[in-house]
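Structural overview
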Amino acid sequence: MQVADVRELIDGLRWDRRRHPYRGRREYSQRAQAVAAAVADMIESGDAASAGPLARRAVERVTAALMYMDDSAGIVGDDLRALMVLYARACREAPPDAKRLATWLVSRQLDGPGWPAIELKEFTEALGPRGLAEVARLTEARGVTAEPDSWTAQWGIKDLREQLAAVSGDIDAHVAVLAEDLRGAHRYGEIVKVLRAAGRDDDAEQWARKGLAGHPSSFQTDRLRDQLVDLLLDGGRAAEAVAVRREIYERRAIHQDYLKLRHAAQQAGNWADLNGWALDLLRDRAHAEQWYVRERISVLVSENLLDEAWAAAMADPGQVPESQWFQLIELREQDHPTDVIRPYQDLIEIGLDRASDKYRYPKAVKTIRRLRDSYHRAGDEAGFTAYVADLRQRHRRKTSFIARLDQALVRR
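Residues numbered from 1 in each chain as written. Predicted model: local features only at pLDDT ≥ 70, side-chain atom pairs only at ≥ 80, totals over all residues. Heavy atoms only, no water.

What follows concerns the overall build of the protein. Across its full length, the protein holds 21 helices and zero strands. For the protein, whose C-alpha radius of gyration is 30 Å, the value lies well above the compact-globule estimate of 22 Å for 412 residues. Expressed as lengths along the three principal axes of its C-alpha atoms, the size of the protein is roughly 85 × 55 × 45 Å. Looking at the protein as a whole, 44% of its 412 residues are labelled buried. Considering only contacts in the protein between residues 6 or more positions apart, those separated by 24 or more positions represent 58%. Accessible area of the protein: about 21,900 Å², with a carbon and sulfur share of 49%. When the 63 basic and 65 acidic side-chain charges of the protein are each reduced to a single mean position, those positions are 6 Å apart. (Helix = DSSP H or I, 4+ residues; strand = E, 2+ residues; numbered from the N terminus. Rg over C-alpha atoms; globule rule 2.2 N^0.38 Å. Buried < 20%, exposed > 50% of the residue type's maximum accessible area, 1.4 Å probe, protein only. Contact = heavy atoms within 4.5 Å. Areas by Shrake-Rupley, 256 points an atom, 1.4 Å probe, with all protein chains shown as cover. Lys, Arg positive; Asp, Glu negative; His and termini not counted. Charge placed at Lys NZ, Arg CZ, Asp CG, Glu CD.)

As structure tokens, then:
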């Protein structure tokens, strides 16, 4: 395809802001993909010098279009990302003026609508020392003039500074830039990741422990704790990893903590010593606080203690979520069909009364068919017939449900 033909394709990526934001997105995406394919062909054929400016123009067209198009599915956003990757590739193979490229990248980041994402590592080779220095100069200059209350500008500047530090290869400089903002456990996690990649596990451990001490209970803390445990396990310090897992399990006693404790203890070779203690702790919690019933059941299932899990659910059915009930029933109905009949009936009643769920009737009918199978395995066909008759009588005003039920029971 000739340059003029590709340019004509790209011109079709304009989007009239008066156009309906939902209409024509699929066709637009197809055109963007056709542009990407044409640009890729040009690069493959050795004409990266022509492909680069065309890819850049396409990026600008799609960036502008996304301001007026509904792309909640992210399809056109993916097309934009593909075009950025192609532009970076063209720049590597036929480098443009480094300073102009730097100016364009900084402008996209700081003056654009928030997309596309700028990945300096993809342009490092094309920028070279001269271009990277220009990115740094422009970023620092904008840091002086940017509105302090502008989240977009402040985030963009911070992100560029961190990316510059990352591509510099200077680990200490990279850590120093990341450490300027330690408002969440995830920031410590980013530092840990950088240090681990550089083989500096001792430093990574110090940062992980510092982050856990400073943010002991944020929603991002679990991931940081995982990083610390991985460090300890990889360093042959399984007993210390178990201690970290045991401390959080004693504090929260939830299913995911149990599984992580088990994994660490198995690595350390002492799970047999901890298993009974861990189960007893959760049993005691469930007796003291009903909220822990579901956690206890999940742990019992993971340990294949299915009879105890079933007994715990039957003893406190109101604390067992619907999804967990279905899991337990599925595990029990094959060998104990009579046991699951009443729980099935309760789930059907709860579902039929859930007016907010527009799919409640199809769900209820599906459960009734499973209940029929349990009655059949229990050898109680008459019991199912009586149950359905009673169900029809009690819900006779739900004509849509009754019609679905009759249709389903005819098909065997």
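Next comes the rest of the description.
With that settled, consider the packing of helix 3 (residues 48-65) against helix 4 (residues 75-93). Packing of helix 3 against helix 4 brings their axes to within 8 Å, and their N-to-C directions diverge by 155 degrees. Put simply, helix 3 runs roughly antiparallel to helix 4. Taken as a pair, helix 3 and helix 4 cross one another with a handedness that is left-handed. Contacts from Ala48, Ala51, Gly52, Ala55, Arg56, Ala58, Val59, Val62 and Thr63 in helix 3 reach Val76, Leu80, Leu83, Met84, Tyr87, Ala90 and Glu93 in helix 4. (Axes fitted to C-alpha atoms, helices over the stretch in contact; angles between N-to-C directions. Parallel < 35°, antiparallel > 145°, perpendicular 65-115°, else oblique. Left-handed = near helix turned anticlockwise from the far one by under 90°.)

Attention now moves to the nonpolar core. In summary, soluble globular proteins display a tendency toward joint burial of nonpolar side chains. One finds Phe123 and Leu127 to be the most contacted residues of the largest nonpolar core, which totals 51 residues. Listed by contribution, the elements that provide at least two residues to this core are helix 1 (3-11), helix 2 (25-44), helix 3, helix 4, helix 5 (98-111), helix 6 (120-145) and helix 7 (151-168). Not counting chain neighbours up to four residues away, the residues in contact with Phe123 comprise Met84, Tyr87, Ala88, Cys91, Leu101 and Leu105. With 49 residues, the next largest nonpolar core counts Ala264, Leu274, Leu347 and Phe401 among its residues. (Core = buried A, V, L, I, M, F, W, Y, C linked by side-chain atoms within 4.5 Å.)

Considering all chains together, one arrives at 49 salt bridges under this definition. Between Glu122 and Arg81 there is a salt bridge; the shortest N-O distance is 2.2 Å. One end of the pair, Glu122, is in helix 6; the other, Arg81, is in helix 4, with 41 residues separating them in the sequence. A salt bridge links Lys158 to Asp181, with the nearest nitrogen and oxygen atoms 4.0 Å apart. Of this pair, Lys158 sits in helix 7 while Asp181 sits in the loop between helix 8 (171-178) and helix 9 (185-197), and the two are 23 residues apart along the sequence. Take Lys158: its relative accessible area is 26%, and that puts it in the partly exposed class. Assessed through its relative accessible area of 12%, Asp181 is described here as buried. Where salt bridges share partners, they join Lys158, Glu162, Asp181, Arg183, Arg187 and Glu190 into one cluster. (Salt bridge = Lys/Arg side-chain N within 4 Å of Asp/Glu carboxyl O.)

With that settled, consider the environment of Pro113. Looking at the secondary structure, you find Pro113 in the loop between helix 5 and helix 6. Sequence separation between Pro113 and Lys363 is 250 residues, and the spatial gap between their C-alpha atoms is 44 Å. Look past the residues within four positions of Pro113 in its chain and what remains in contact with it is Thr63 and Met67.

With that out of the way, let us pick up the side chain of Gln324. Position of Gln324 relative to the elements: it lies in helix 17 (residues 322-332). Among the polar contacts listed, one links the side chain of Gln324 to the backbone oxygen of Arg294, at a separation of 2.9 Å. Setting aside chain neighbours within four positions, we find Gln324 in contact with Arg294, Ile297 and Ser298. (Polar contact = N/O pair within 3.5 Å; in protein donor to acceptor, adjacent residues only side chain to side chain.)

As far as function goes, none of this settles anything; it's purely spatial.
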